[in-house]
Amino acid sequence: MRYVKIYNEKMQEFLERLKNYGKLYAPVKISDKFYDRKEIDDVKKISFDCLRTIMPAKKFFIPPYEELFEIDIENADYKEKIEETEPFVLFGLHACEIVALRILDGVYLDEFPDIYYANRRKAGIIIGLSCLPDEYCFCNLTRTDFVDIGFELFLHELPDGYLIRVGSPKGHKIVDENPDLFSEVKKEDIDAFKMFEEKRQKLFKYYGSFDNIRYILELTMKDKIWDEEAEKCLGCGNCTMTCPTCRCYDVQDIPDIDGKHAKRIRFWDSCQFRSHGLVAGGHNFRPTKKDRFLNRYICKNAYFYPLGTSYCVGCGNCTYFCPANINFLENLIEIRRGINA
Amino acid sequence: MKKLKIGVHGLTSCYGCQLKMASLKLAENIEIVYWNMLSSKGEIGKVDVAFVEGSVSTGEDEEELKKIRENADILVAMGTCATHGGVQGVIFGEDYKKCFKEIYGDNNIEFDGRIGEPIKKYVKVDYNLPGCPPEEDEILYYLATFALGSYPEEKDYPVCAECRRNGYPCILIEKNKPCLGPLTVAGCKARCLKYGIECTGCRGPLPHNIAWFDSLARTFKERGMSKEFIKSKMEIFGKQYENMEELINKVFE
Ligand code: SF4
Ligand code: SF4
Ligand code: SF4
Ligand code: SF4
Ligand code: SF4
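Residues numbered from 1 in each chain as written. Chains lettered and ligands numbered in written order. Predicted model: local features only at pLDDT ≥ 70, side-chain atom pairs only at ≥ 80, totals over all residues. Heavy atoms only, no water.

**Brief notes about helix α3 (residues 115-123) of chain A**
- Listing the buried residues of α3(A) in full gives Tyr116(A), Tyr117(A), Ala118(A), Arg120(A), Arg121(A) and Ala123(A).
- The N-capping residue of α3(A), defined by a side-chain oxygen 3.1 Å from the backbone nitrogen of Tyr116(A), is Asp114(A). (Buried < 20%, exposed > 50% of the residue type's maximum accessible area, 1.4 Å probe, protein only. Helix = DSSP H or I, 4+ residues; strand = E, 2+ residues; numbered from the N terminus. Polar contact = N/O pair within 3.5 Å; in protein donor to acceptor, adjacent residues only side chain to side chain.)

In structure tokens:
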């Protein structure tokens, strides 16, 4: 891998130059507590401390609402509404978010690639950023705390700048085209990088492995903890909508009032909603709130075979954004009690 | 194409839903058979779809509603008064005569009044078109699907979904605001949250017994709100939800 360094003094210019490669989106504060990734005009507004955005990076690839088809009802015909996607730059993605995108790739780019997603993915330039975990983070348990692929550049904080890992041909291009911004990595930078990594590892709340959590979950599904937790749940779907790897959508045809045209739309759905499990004939696969509640735990802790990790990347969003204060991590730790490593 | 014959009716209500509907441009494939607010011509007669606004608050309302039902293939409850009794339904459970006296005193007003109730208590409702008033896109969607001989898919998910899809800050988490988004049926695109104002539940509680008054009351309680306060918020539009009181009480036992 290629490594370069950027000094803090050059960061502002670096962010400005990123705009040459596409519209720049980065985390900004949107309220007292929350952040979201927005289009950046003034690079001084970018937040470097943001750990989680209220809308995960998936919004750039599977937007919350989108139009898929234009339908001509009279002629029983339709046209896919596929637009050219201009390149765009996503700044400040943490390791978990980058793994999350790779998980979405597995779902949307499998043997039946979703062209809407594929186009946007091709256009997206990913700039990663190191982070220090808070009490909600557990990417160490899910083995998603460090990424080696899935970004153009990854910036690791140093006392006087960033150590940059160059992760793709596009990343090389950015470095090559802006030689005035980057310097060589020195011995003290490597030491600082190691210190940062050590400090970071010490900040996680729990240690060990969640590799077996799926099975423990299956074995404890009848435990009373799940009745109690499901009882608290509002069925609001905040957990899945803010989850970087939740990918469920619903599709609907909306006819025009004149009956001649219609559009097919898709929008974010959630398994916490009743109709998610509803099928033709009125049968519901998940008729109770508890069924729906557990479905998310099972789904997120299932294995994503291409990466050998779970679908959950340990970002903590689902807990942080749960209005009912239901703690995903603590619930998993609770059922895992007895395993000390 | 065959024209869709519709009737639009107002029971006890503010006529806001009808006004919203009247402001929309309908196409020529829709024929208005009866719409008293727009024209005094016409009578309640056979229609494909009847849209009924308002709650049943008088004997006349009940009679009219039954007549509408007999003449309509499809009956749609339009707006929160029709679907849940509306704001006027908040006195549900109280003595009507007492309430009447407080408002009208001893004046002699002649009608057979009663406490406003959702129309499903009196007739079979085929579809609910929620909102206070309903949203333009939803009114058009319902009409358009009926005109095609199809039917609308009713939302059964909460306002929170739209709040999240729009990326608004959650003010229940952030500011401990008593937001009723989690138990209110979506469709308004989380309009109030866009302005940082908590949802007061104007579109009415979710259908299919999934309005979790108990879980939300518990969340509110944990955030320091009193039972009386929680109840006063939840009953504005939710008073006639089957077991609202019971669900809230459970949390305070
Ligand atoms: S399940 Fe929760 S912790 Fe895991 S990836 Fe989704 S939001 Fe993050
Ligand atoms: S947890 Fe639910 S919403 Fe998320 S991907 Fe799984 S089934 Fe879909
Ligand atoms: S965010 Fe919390 S309350 Fe809402 S559906 Fe998820 S677990 Fe339930
Ligand atoms: S602000 Fe209200 S509507 Fe929005 S997510 Fe929070 S509880 Fe739901
Ligand atoms: S957010 Fe709530 S109160 Fe506001 S319009 Fe929507 S349903 Fe009504």
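Let us keep going from here.
**A short note on the sheet that holds strand β7 (residues 124-129) of chain A**
All names here are of chain A.
- The strand order across the open sheet built from seven strands is β1-β9-β8-β7-β6-β2-β3, with neighbouring strands paired in mixed fashion. Bordering the open sheet on either side are β1 (2-7) and β3 (35-39), each of which pairs with just one other strand. Going across the sheet, the axis of each strand differs from the next one's by a mean of 25°, ignoring polarity.
- Direction of pairing for strand β2 (residues 23-29) relative to β3: antiparallel, over a ladder of five bridges. Of the residues in β3, the one forming a bridge with Lys-29 is Tyr-35.
- Lying over the sheet, helix α1 (residues 8-18) contacts β1, β2, β6 (88-93), β7, β8 (153-158) and β9 (161-166), oriented at roughly 110° with respect to β1. (Pairing = 2+ DSSP bridges. Axes fitted to C-alpha atoms, helices over the stretch in contact; angles between N-to-C directions. Contact = heavy atoms within 4.5 Å.)

**Considerations on the domain arrangement of chain B**
Residue and element names in this part refer to chain B.
- As far as domains go, chain B holds domain 1 (4-147) and domain 2 (159-251).
- The centre of domain 1, based on its C-alpha atoms, is set 25 Å off from the matching centre of domain 2.
- Facing 19 residues of domain 1, the contacting portion of domain 2 comprises 16 residues.
- Taking both sides of the interface into account, the surface hidden between domain 1 and domain 2 amounts to around 1400 Å²; carbon and sulfur atoms contribute 49%.
- It is His-84, Val-90 and Glu-135 in domain 1 that bury the most area against domain 2; as a group they hold 40% of the surface buried on that side.
- Our count for the domain 1 to domain 2 interface comes out at four salt bridges.
- The tally of links from domain 1 across to domain 2 stands at eight residue pairs in polar contact (both at pLDDT 80 or more).
- Among the residues making up the side of domain 1 that touches domain 2, the classes are represented as six nonpolar, seven polar and six charged. (Domains from an automatic or database assignment. Buried area = accessible area lost by both parts, 1.4 Å probe. Salt bridge = Lys/Arg side-chain N within 4 Å of Asp/Glu carboxyl O. Nonpolar A, V, L, I, M, F, W, Y, C, P; charged D, E, K, R; others polar.)

**What about the layout of surface pockets?**
- In this structure, the largest pocket encloses a volume near 1100 Å³.
- In terms of lining residues, the largest pocket is bounded by 42 residues, among which Gln252(A), Ile254(A), Tyr141(B), Glu153(B) and Glu154(B) are the most central.
- Looking at the lining of the largest pocket, the elements with two or more residues in it are β4 (65-72), β10 (249-255) and β11 (261-268) of chain A together with α5 (136-147) and α6 (159-166) of chain B.
- Of the residues assigned to the lining of the largest pocket, the class counts are 17 nonpolar, eight polar and 17 charged.
- Considering only enclosed or pocket space, the second largest pocket measures out at about 400 Å³ in volume.
- Lining the second largest pocket are 20 residues, with His84(B), Lys120(B), Asn128(B), Pro207(B) and His208(B) positioned closest to its centre.
- Looking at the lining of the second largest pocket residue by residue, the classes come out as nine nonpolar, six polar and five charged.
- Split by domain, the residues of the lining of the second largest pocket number at least three in each of domain 1 (4-147) and domain 2 (159-251) of chain B. (1 Å grid on protein atoms, 1.4 Å probe; cavity = no way out; pocket = protein on both sides within 12 Å on 5 of 7 lines; lining within 4 Å. Points joined across faces, edges and corners; volume = space filled by probe spheres on them.)

**Some details on the sheet that holds strand β7 (residues 127-129) of chain B**
All names here are of chain B.
- An order of β2-β1-β3-β5-β7 is seen for the five strands of this open sheet, with the pairing classed as parallel. The sheet is open, and its two edges are formed by β2 (30-35) and β7, each paired on a single side. Sheet twist, expressed as the mean angle between neighbouring strand axes with direction ignored, is 25°.
- Strand direction decides the pairing type here: strand β1 (residues 4-10) and β2, joined by five bridges, are parallel. Paired with Ile-6 across the two strands is Ile-32, which belongs to β2.
- Against the sheet, helix α2 (residues 59-71) contacts β1, β3 (47-53) and β5 (72-78), and its axis sits at roughly 135° relative to β5.
- Helix-sheet contacts for α5 involve β1, β2, β3, β5 and β7, and the interaxial angle to β7 is about 150°.

**Things to note about the site of ligand 3**
- For ligand 3, the set of nearby residues contains 13 residues, the closest of which are Cys233(A), Leu234(A), Cys236(A), Cys239(A) and Cys322(A).
- Of the residues contributing to the shell around ligand 3, the split by class is nine nonpolar, four polar and no charged. (Near = heavy atom within 4 Å.)

**Re unusual backbone geometry**
- Residue Cys132(B) is joined to Pro133(B) through a cis peptide bond whose omega torsion reads 0°.
- Phi angles above zero are rare outside glycine, and Arg143(A) is one such case at about 60°.
- Along the polypeptide, Arg143(A) turns up in the loop between β7 and β8.

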